[in-house]
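# Understanding the architecture of this molecule
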Amino acid sequence: MWGIAIFGLASGILLDVLVGLLGSRRDIGFGWAFVISILFTPLIGLIATLISNPLPAGSEPKYGILGYSFGCLGTIFMVLIATAILFGLVALLLPGI
C-alpha cells in the first residue's frame with residue numbers, strides 16, 4: 001500500500017521536473033512551469049508550458065534561482081524516496097531483520 005503511494009509521489013515529482021525542464025526553454029521558465037505542474041497536474045503544467053512562446057534560437061534556458069532551488073529539492077526528495085523504497089524492499093525480502 002505504501003509502495004504504491006511512494007511510487008505515485010516519485011513519478012509525479014519526476015513528471016513535474018520534466019515539465020519544468022521543458023519550460024526552461026520557453027518564456028514561462030523552469031520555475032513557473034514546475035510550480036504550475038505541482039499545484040495542478042503535470043498535464044495542466046505541460047499545456048501551460050506548450051502555450052508559452054519558445055525562446056529565440058541561441059538564448060540561454062531560463063532556470064533562475066527558483067529553478068535551481070526546485071532542482072536541488074527535487075533531487076533530495078528523489079534520493080529520499082529511492083532510499084525508502086530500497087529499505088521497504090529489504091524489509092519485505094528479509095522479514096526477520
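Now for a look at the structure at hand. (Residues numbered from 1 in each chain as written. Predicted model: local features only at pLDDT ≥ 70, side-chain atom pairs only at ≥ 80, totals over all residues. Heavy atoms only, no water.)

## Digging into the overall build of the protein chain
Assigned secondary structure in the protein chain consists of four helices and zero strands. Walking the protein chain from its N terminus toward its C terminus, one meets helices and strands in the order α-α-α-α. Taking all 97 residues of the protein chain together, 23% fall into the buried category. Surface exposure of the protein chain reaches about 6,700 Å², of which carbon and sulfur atoms provide 80%. (Helix = DSSP H or I, 4+ residues; strand = E, 2+ residues; numbered from the N terminus. Buried < 20%, exposed > 50% of the residue type's maximum accessible area, 1.4 Å probe, protein only. Areas by Shrake-Rupley, 256 points an atom, 1.4 Å probe, with all protein chains shown as cover.)

## A few points about the packing of aromatic side chains
The description of two aromatic rings rests on the distance between their centres and on the angle between their planes. What the rule picks out here adds up to one aromatic pair. Their ring planes at 10° and their centres at 5.7 Å tell us that F30 and F34 sit as a pair that is stacked. One end of the pair, F30, and the other, F34, are both in helix α2 (residues 29–39), four residues apart, so they sit about a helical turn from each other. Across this residue pair, the class does not change: F30 and F34 are buried. (Phe/Tyr/Trp six-rings, centres within 6.5 Å; stacked < 30°, edge-to-face > 60°.)

## As for a nonpolar patch on the surface
Where nonpolar side chains cluster on the molecular surface, the patch consists of L22, I38, L39, F40, L43, I44, L46, I47, L50 and I51 and spans about 960 Å² of accessible area. Of all the secondary-structure elements, those providing two or more residues to the nonpolar patch are α2 and α3 (42–51). Of the residues forming the nonpolar patch, the biggest block, six residues, is contributed by α3. Within the element layout of this structure, I51 appears in helix α3. (Patch = residues over 30% accessible without salt bridge, like charges linked within 9 Å, V, L, I, M, F, W, Y side chains within 5 Å. Salt bridge = Lys/Arg side-chain N within 4 Å of Asp/Glu carboxyl O.)

## What about the environment of A33?
Note on placement: A33 falls in helix α2. Look at A33 and you get buried, because its relative accessible area is 0%. Contacts of A33, omitting those with residues within four sequence positions, involve V19, G20, G23, I28 and T49. (Contact = heavy atoms within 4.5 Å.)

## Some details on the packing of α2 against α3
Orientation of α2 relative to α3, taken along the N-to-C sense of each, is 145°, at an axis distance of 6 Å. Every pair of crossing elements has a handedness; the one defined by α2 and α3 is right-handed. For the pair formed by α2 and α3, the contact residues are A33, I36 and S37 on the first element and P42, I44, G45, A48 and T49 on the second. Within the contact of α2 with α3, the residues separate by chemical class into five nonpolar, three polar and no charged. (Axes fitted to C-alpha atoms, helices over the stretch in contact; angles between N-to-C directions. Left-handed = near helix turned anticlockwise from the far one by under 90°. Nonpolar A, V, L, I, M, F, W, Y, C, P; charged D, E, K, R; others polar.)

## Details of the side chain of S37
Assignment of secondary structure puts S37 in helix α2. A polar side-chain atom of S37 sits 2.5 Å from a polar atom in the side chain of D16. Ignoring sequence-local partners within four residues, the contact set of S37 consists of D16, V19, P42 and G45. (Polar contact = N/O pair within 3.5 Å; in protein donor to acceptor, adjacent residues only side chain to side chain.)

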